[in-house]
Amino acid sequence: MSADKSTSWSYAENLPAEDEVLLRARERSFELGVTPVSQGVGAVLTVLAAASKAQTVVEVGAGAGVSGVCLLRGLGRQAVLTTIDLDVEHLKAARQAYLESGSPANRIRTISGRAADVLPRLTDNAYDLVFIDADKANFPKYVEQGIRLLKSKGTLVVNDALDKDRVSNPAARDATTTVLRQVGKSIREDDRLVSAMLPTGDGLLVAVKK
Ligand SMILES: C[S@@+](CC[C@H](N)C(=O)[O-])C[C@H]1O[C@@H](n2cnc3c(N)ncnc32)[C@H](O)[C@@H]1O
């Protein structure tokens, strides 16, 4: 990559100006040892939520609420965000961020538990957007569940899809990179989806269910 390309990437990542609500949520993420979505990814989530006019969203991996606040900011007044996390301290911090963002509590459903147990309990073809940002080893399961949950024209978003630039390197064969490489391939080759890989953050894989 040229030095200019790298500079442009950093420029684009840092363009979104974040307010106090997001900065505090980032601070709490840091204190809890959670890695929140990047500024660029947060901005893309807001745009995707708005562009898709999503009414029903599932997030796998609430963390301390950075991505949830970004999603909520793109959603309409009646939309509902369902967010899942197995760590109750993370969910508590996420609820604080949602509260500070001014989103009504009845628009947010927080579910504590392992995503692999929770997702199968959610209704088929009922969601407009599914965002995956939890334990990477289980991404293949979450993607399959996500496709099941999405309505036709619903949007699937997978965070960290380039795994810190390792997915593109064939010599990188650690377990996480291999899973993410396979997730990318399976989404690209899935006839039920159209997809695109955005280089935002650590890679944001976006797909729409036909
Ligand atoms: C990268 S952080 C999510 C960050 C969040 N999306 C944000 O931008 O603020 C991953 C989260 O997934 C949660 N997690 C890890 N394994 C999980 C599992 N099996 N089921 C549900 N949540 C899980 C962790 O507790 C952590 O809060």
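- Going by the annotation in an unreviewed UniProt entry, the name recorded for the protein chain is O-methyltransferase, with Paenarthrobacter ureafaciens given as the source organism.

1. Overview of the nonpolar core
Here's step 1: Judged by nonpolar contacts, the single largest core of 30 residues is most densely connected at Leu-45, Leu-71, Leu-129, Phe-131 and Val-157.
Here's step 2: Contributions of two or more residues to this core are made by α2 (20-32), α3 (39-51), α4 (66-74), α5 (88-100), β4 (127-132) and β7 (204-209).
Here's step 3: Among the nonpolar cores identified, the runner-up in size contains 28 residues, and Leu-119, Tyr-127, Leu-150 and Ala-207 belong to it.

2. Examining the side chain of Glu-59
Here's step 1: Counting through the fold element by element, Glu-59 comes out in strand β1 (residues 56-60).
Here's step 2: Put simply, Glu-59 is tucked away with no salt bridge, and the nearest opposite charge, on Arg-26, sits 11 Å away.
Here's step 3: One polar contact links the side chain of Glu-59 to the main-chain amide nitrogen of Gly-68, over a distance of 3.5 Å.
Here's step 4: Those residues in contact with Glu-59 that sit more than four places away from it in its chain are Ser-67, Gly-68, Leu-71, Leu-81, Thr-82, Thr-83, Ile-84, Tyr-98 and Phe-131.

3. Side note on the site of the ligand
Here's step 1: Around the ligand, the structure places 21 residues, and the nearest of them are Gly-61, Ser-67, Asp-85, His-90 and Asp-133.
Here's step 2: Within the contact set of the ligand, a nitrogen atom lies 2.9 Å away from a backbone nitrogen or oxygen of Gly-61.
Here's step 3: Val-66 places a main-chain nitrogen or oxygen 3.1 Å from an oxygen atom of the ligand.
Here's step 4: With the chains in place, 88% of the 610 Å² that the ligand exposes on its own is no longer accessible.

Cut-offs and rules
- Residues numbered from 1 in each chain as written.
- Predicted model: local features only at pLDDT ≥ 70, side-chain atom pairs only at ≥ 80, totals over all residues.
- Heavy atoms only, no water.
- Core = buried A, V, L, I, M, F, W, Y, C linked by side-chain atoms within 4.5 Å.
- Buried < 20%, exposed > 50% of the residue type's maximum accessible area, 1.4 Å probe, protein only.
- Helix = DSSP H or I, 4+ residues; strand = E, 2+ residues; numbered from the N terminus.
- Lys, Arg positive; Asp, Glu negative; His and termini not counted.
- Salt bridge = Lys/Arg side-chain N within 4 Å of Asp/Glu carboxyl O.
- Polar contact = N/O pair within 3.5 Å; in protein donor to acceptor, adjacent residues only side chain to side chain.
- Contact = heavy atoms within 4.5 Å.
- Near = heavy atom within 4 Å.
- Areas by Shrake-Rupley, 256 points an atom, 1.4 Å probe, with all protein chains shown as cover.

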